[in-house]
Amino acid sequence: MKFKELQATFDKYRLYKDRGVVRMVALSVIANHLLGDRKKPWWIVFVAPPGGGKSDVTATISKFRWKNDAGENQLLCEEISDLTTTSLASGMRSLDGETSLLAKLNPKGGIMLFKDFTTLLSKRDDDLKAIMSYLREIYDGKFEKKFGNGKIVKWEGKVGVIASCTTIIYHRMQELSTMGER
């Protein structure tokens, strides 16, 4: 799909005060997926009040597909409703394969898509701080977690984030600022 077609589709169904939202999303997808060797991923958060159209943007992106090395169509983004302290790396052993979210993401430019980051920011302080510290490591390109069952989850790569959130993010990020900015 060409960008003009994408913009026209959004314009047909949704009137955005700032039409740059669609362009920003498209650029983020391109930067995270097509520019796989770029050092740092793009993480963007759309902030608007409830009913501001954030979910429409993320719902559209969730349907984007790409062809992997085997020529198979795969979803470009992994839609995430919520994270827990064990979602990214679970430490669980399974006959069906890896159960951790990080294992499901394309390490060469996958995208975590949060349709409502507010859910994550509403967590208890200790859980939120742990999840945010994991996300900081992922942003930096390396993550390792050791579990009591002897399993070690190691991940290296680049994963982008596209999220939508209410204005609660300003308050919560200020509380978490002692961890340092990324």
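Going by the structure above, here's the rest.
The text that follows walks through the structure, step by step, so that each part is easy to find. Remember, it's a predicted structure, so these values are computed and weren't measured experimentally. (Residues numbered from 1 in each chain as written. Predicted model: local features only at pLDDT ≥ 70, side-chain atom pairs only at ≥ 80, totals over all residues. Heavy atoms only, no water.)

What follows covers the packing of aromatic side chains. Counted according to the given criterion, the structure contains 3 aromatic pairs. Between the aromatic rings of Trp43 and Tyr139, the centroid separation amounts to 5.3 Å while the plane-to-plane angle is 85 degrees, which identifies the pairing as edge-to-face. In this pair, Trp43 sits in strand 1 (residues 43-47) while Tyr139 sits in helix 6 (residues 125-140), placing the two residues 96 residues apart along the sequence. Aromatic side chains Phe114 and Phe117 sit 5.1 Å apart centroid to centroid with 85 degrees between the ring planes, which places their arrangement in the edge-to-face category. Each member of the pair Phe114 and Phe117 is classed as buried. (Phe/Tyr/Trp six-rings, centres within 6.5 Å; stacked < 30°, edge-to-face > 60°. Helix = DSSP H or I, 4+ residues; strand = E, 2+ residues; numbered from the N terminus. Buried < 20%, exposed > 50% of the residue type's maximum accessible area, 1.4 Å probe, protein only.)

Turning next to the pattern of salt bridges. One pass over the structure, following the stated rule, counts 5 salt bridges. The residue Asp140 makes a salt bridge to Lys40 at a minimum N-O spacing of 3.5 Å. Residue Asp140 is located in helix 6, and its partner Lys40 is located in the loop between helix 2 (20-34) and strand 1; the two are separated by 100 residues in the primary sequence. Given the relative accessible area of 36%, Asp140 is considered partly exposed. Judged by relative accessible area, which is 32%, Lys40 ranks as partly exposed. Across the pair Glu144 and Lys146 runs a salt bridge, and its minimum N-O distance is 3.9 Å. According to the relative accessible area criterion, Lys146 is exposed, its value standing at 61%. (Salt bridge = Lys/Arg side-chain N within 4 Å of Asp/Glu carboxyl O.)

In short, shape yes, function no, at least from these values alone.
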